[in-house]
Amino acid sequence: MNDDVRNIVLGVIAAGISASLGWFVRTYLWKRKLRRKQAFFGLPENSESLLVVNRDPSSADLAVHRFDVFALLELSALIKDCGASAQIITQDAAQQGFGERTEFCVGGPGSNRRVAAHLGAMLPGVRFNPNPEPGPDRGALYVGGECYRLEPGVNEHVILARLTTGQERARPVFLFCGQRAIDNQAATRYLARHHERLHRKYGTGSFVLLLKVVNSQAYGPDVVELVADVTRAAQTPASPVPAPASHRTS
């Protein structure tokens, strides 16, 4: 074997080793990323989850708002990426405890009884103004001692929460509670975009985030800002009526 042939053979071998090593590294990184995603969402391979559907409060029929349908589609994609499956149930058919299966609840307490139950049990500091009468506080969101008023299409707010019971193998509950249906979709989209950063910050623990949806009449659910981590305020029972001095628009 002369030098030219030997160099060619060595080059082919080196290329093969490099390609194999590159494939191994990419596969390892992809699997590690997938495991982290599965851990955050509580969705190991072939596991089951629940999508709890709300109803459109503006409709007399048992209908789902189109933005909530879009939110469910985005959540379904996340679940599929984890190699898990989803069972869709209506908000009045979910009569079971939590922790056995990962649960995604879409809608505020006025349109989703399951959300209302979770807020009452785990987030007593979060409330929505149920009064349908026109006024500055119609649709307002209360977190602790703060009031976040609804400016439809301009400034709207939504709660994004990941809640656990603290048990090692308990699956989480995710809440998407917005002042309007488009805010629910905005929260699911925010979760899909930022779940890696949220996992790095919170691990597999509980958190409650207050998000602001900016100018939804022009940008839809795409422009979302993080207002604050309100975990402590949300978990602390608030006074029945917020003090007027604490009211503000954000």
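Chemist: Help me understand the pairing of strand β1 (residues 48–53) in this model?
Modeler: When you tally the buried positions in β1, you get five out of six residues, the bulk of the element. Both β1 and strand β2 (residues 85–90) contribute to a ladder of six bridges, which runs parallel. Paired with valine 53 across the strands is threonine 90, a residue of β2. In this sheet, strand β3 (residues 102–106) lies alongside β1 in parallel orientation, the contact comprising four bridges. Residue pairing in the sheet places valine 52 in a bridge with cysteine 105 of β3.

Chemist: Help me out: how do you make sense of helix α3 (residues 113–122) in this one?
Modeler: An α-helix turns once per 3.6 residues; consequently, residues spaced three or four apart project the same way. By the burial criterion, the buried members of α3 are Arg114, Val115, His118, Leu119 and Met122. Down the axis of α3, the smallest arc covering the buried residues is 135°, so these residues share one side. In this structure, α3 carries Arg113, Gly120 and Ala121 as exposed residues pointing more than 90 degrees from its buried face. The elements touched by buried residues of α3 are β1, β3, β4 (126–128), β7 (155–163), β8 (173–178) and α6 (231–235).

Chemist: Help me out: how do you make sense of the nonpolar core in this one?
Modeler: Inside soluble globular proteins, nonpolar side chains tend to come together where they are buried. Counting 29 residues, the largest nonpolar core has Phe41, Phe104, Phe176, Leu191, Leu209 and Leu211 as its most contacted members. Of all elements in the fold, only α1 (3–41), β1, α2 (66–81), β3, β7, β8, α4 (181–202) and β9 (207–214) reach the threshold of two or more residues within this core. The greatest single-element share of this core, amounting to six residues, is contributed by α4. The residues contacting phenylalanine 176, other than those within four sequence positions of it, are Leu75, Phe104, Cys105, Val106, Gly107, Val158, Ile159, Leu160, Asn184, Ala187, Thr188 and Leu191. Listed in part, the 23 residues of the second largest apolar core include Val115, Ala161, Leu163 and Val230.

Chemist: Looking at this model, I keep getting lost on the confidence of the model for the protein. Mind explaining?
Modeler: Detail in the predicted coordinates should be disregarded across regions flagged by low pLDDT. The predicted model of the protein averages 84 in pLDDT, with 78% of residues at 70 or higher. For the protein, strand β11 (residues 247–248) is the element with the lowest average pLDDT, namely 44, and β9 is the one with the highest, namely 96. In the predicted structure, residues 241–250 sits below a pLDDT of 50 and forms 23 contacts with residues beyond four places in sequence or in another chain.

Chemist: Explain the packing of aromatic side chains here, please?
Modeler: The geometry of an aromatic ring pair is captured by the separation of the ring centres together with the interplanar angle, meaning the angle of the planes. Counted by the stated rule, this structure contains eight aromatic pairs. Seen from their ring centres, phenylalanine 104 and phenylalanine 174 are 5.2 Å apart, and the 10° between their planes marks the pair as stacked. With a gap of 70 residues between them, phenylalanine 104 in strand β3 and phenylalanine 174 in strand β8 connect regions that are remote in the sequence. Judged by its relative accessible area of 0%, phenylalanine 104 falls in the buried class. Using a relative accessible area of 0% as the deciding quantity, one classes phenylalanine 174 as buried. Grouped by ring-pair contacts, the aromatic residues Phe40, Phe41, Phe104, Phe174, Tyr202 and Phe207 constitute a single cluster. The ring of phenylalanine 67 is capped by arginine 66, whose NZ or CZ atom sits 4.4 Å from the centre of that ring. Above the face of the phenylalanine 40 ring, arginine 162 is positioned so that its terminal group lies 5.3 Å from the ring centre.

Chemist: Is there a simple way to explain a positive patch on the surface in this structure?
Modeler: Together, Lys31, Arg32, Arg35, Arg36, Arg197, Arg200 and Lys201 make up a region of like positive charge exposed at the surface. Elements that contribute at least two residues to the positive patch include exactly α1 and α4. On the secondary structure map, lysine 201 appears in helix α4.

Chemist: What am I meant to see in the sheet that holds β2 here?
Modeler: Backbone-to-backbone hydrogen bonds pair the strands of a sheet. The strands run either parallel or antiparallel. Strand order in the open sheet formed by seven strands is β2-β1-β3-β8-β7-β9-β10, and the pairing between neighbours is mixed. Strands at the two margins of the open sheet, each flanked by one partner only, are β2 and β10 (224–229). Strand-to-strand twist in this sheet, taken as the mean axis angle between neighbours without regard to direction, amounts to 20°.

Chemist: It is not clear to me how the state of the cysteines should be interpreted in this structure. Could you clarify?
Modeler: Linking two cysteines covalently via their sulfur atoms produces the bond known as a disulfide. Tallied over the entire structure, the rule returns zero disulfides. Here cysteine 177 is not cross-linked by a disulfide; its sulfur's nearest cysteine counterpart is in cysteine 105, at 8.0 Å. A residue is classified by how much of its surface remains accessible, and cysteine 177, at 1% relative accessible area, is buried.

About the criteria used
- Residues numbered from 1 in each chain as written.
- Predicted model: local features only at pLDDT ≥ 70, side-chain atom pairs only at ≥ 80, totals over all residues.
- Heavy atoms only, no water.
- Buried < 20%, exposed > 50% of the residue type's maximum accessible area, 1.4 Å probe, protein only.
- Helix = DSSP H or I, 4+ residues; strand = E, 2+ residues; numbered from the N terminus.
- Pairing = 2+ DSSP bridges.
- Arc of directions from axis to C-beta.
- Contact = heavy atoms within 4.5 Å.
- Core = buried A, V, L, I, M, F, W, Y, C linked by side-chain atoms within 4.5 Å.
- pLDDT = per-residue confidence, 0-100.
- Phe/Tyr/Trp six-rings, centres within 6.5 Å; stacked < 30°, edge-to-face > 60°.
- Lys NZ or Arg CZ within 6 Å of the ring centre and 35° of its normal.
- Patch = residues over 30% accessible without salt bridge, like charges linked within 9 Å, V, L, I, M, F, W, Y side chains within 5 Å.
- Areas by Shrake-Rupley, 256 points an atom, 1.4 Å probe, with all protein chains shown as cover.
- Salt bridge = Lys/Arg side-chain N within 4 Å of Asp/Glu carboxyl O.
- Lys, Arg positive; Asp, Glu negative; His and termini not counted.
- Charge placed at Lys NZ, Arg CZ, Asp CG, Glu CD.
- Axes fitted to C-alpha atoms, helices over the stretch in contact; angles between N-to-C directions.
- Disulfide = S-S within 2.5 Å.

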